Amino acid sequence: QIQLVDSGGGSVQAGGSLRLSCAASGRMYDHYRLGWRRRDPDNERDFVAEITWGDGTTDYGDSVKGRFTISRERAKNTVYLQMNNLKPEDTAIYYCVLSKFGPLRTEYNYWGQGTQVTVSL
């Protein structure tokens, strides 16, 4: 069974940075995709970022492109999301997610407990 534990959220002012972590238990396979989706205060959900476990291919949501960077440390079964130049619009609960079969833009099979990110002016 795969379990995901996400962490690293907090409260920052606009322009600040945070790094989220997601530690996965269970065997990872090359075709798996790990990353984050988020839910904002209006309960709108959107895709944030993904990385393919094997070859490291990445994808980002349009609103975070150029500001966020996703990476992985395979020896620790861990992925990271470096978030720079944070904006109030980034305020959301961020959920680490994993897909076995397709892109995180459209689907996921496992998710973590969520970590709150709050960006103030």
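Criteria and thresholds
- Residues numbered from 1 in each chain as written.
- Predicted model: local features only at pLDDT ≥ 70, side-chain atom pairs only at ≥ 80, totals over all residues.
- Heavy atoms only, no water.
- Disulfide = S-S within 2.5 Å.
- Helix = DSSP H or I, 4+ residues; strand = E, 2+ residues; numbered from the N terminus.
- Buried < 20%, exposed > 50% of the residue type's maximum accessible area, 1.4 Å probe, protein only.
- Pairing = 2+ DSSP bridges.
- Axes fitted to C-alpha atoms, helices over the stretch in contact; angles between N-to-C directions.

1. Focus: the state of the cysteines
Summed over all chains, the structure comprises 1 disulfide. The disulfide bridge from Cys-22 ends at Cys-96, spanning 1.9 Å between sulfur atoms. Handedness of the Cys-22-Cys-96 disulfide follows from its S-S torsion of about -75°: it is left-handed. Placement of Cys-22 in strand β3 (residues 18–25) and of Cys-96 in strand β9 (residues 92–99) is noted, with a sequence separation of 74 residues between them. In this structure, Cys-22 and Cys-96 share a single accessibility class: buried.

2. A closer look at the sheet that holds strand β7 (residues 68–73)
The pairing of strands in a sheet comes from backbone hydrogen bonds and takes either a parallel or an antiparallel form. One open sheet accounts for 4 strands, arranged β1-β3-β8-β7; its pairing is antiparallel. Here the strands that pair on one side only, and so sit at the sheet edges, are β1 (3–7) and β7. Neighbouring strand axes in the sheet, compared pairwise and without regard to direction, differ in orientation by 15° on average. Of the strand pairs in this sheet, β1 and β3 are connected by 5 bridges, and their pairing is antiparallel. Each bridged residue has a counterpart across the sheet, and for Val-5 the counterpart in β3 is Ala-23.

3. Points about the pairing of β9
Counting buried positions over the 8 residues of β9 gives 6, a clear majority of the element. Relative to β9, strand β4 (residues 33–39) runs antiparallel, the two being bridged by 7 bridges. Note that in β9 the partner of Arg-33 across the bridge is Ser-99. Pairing of β9 with strand β11 (residues 115–120) involves 3 bridges; the strand directions are antiparallel. From the neighbouring strand, Ile-93 faces β11, where its bridge partner is Gln-116. Pairing analysis gives 2 bridges linking β9 to strand β10 (residues 110–111), with the strands arranged antiparallel. Counterpart to Val-97 in the pairing with β10 is Trp-111.

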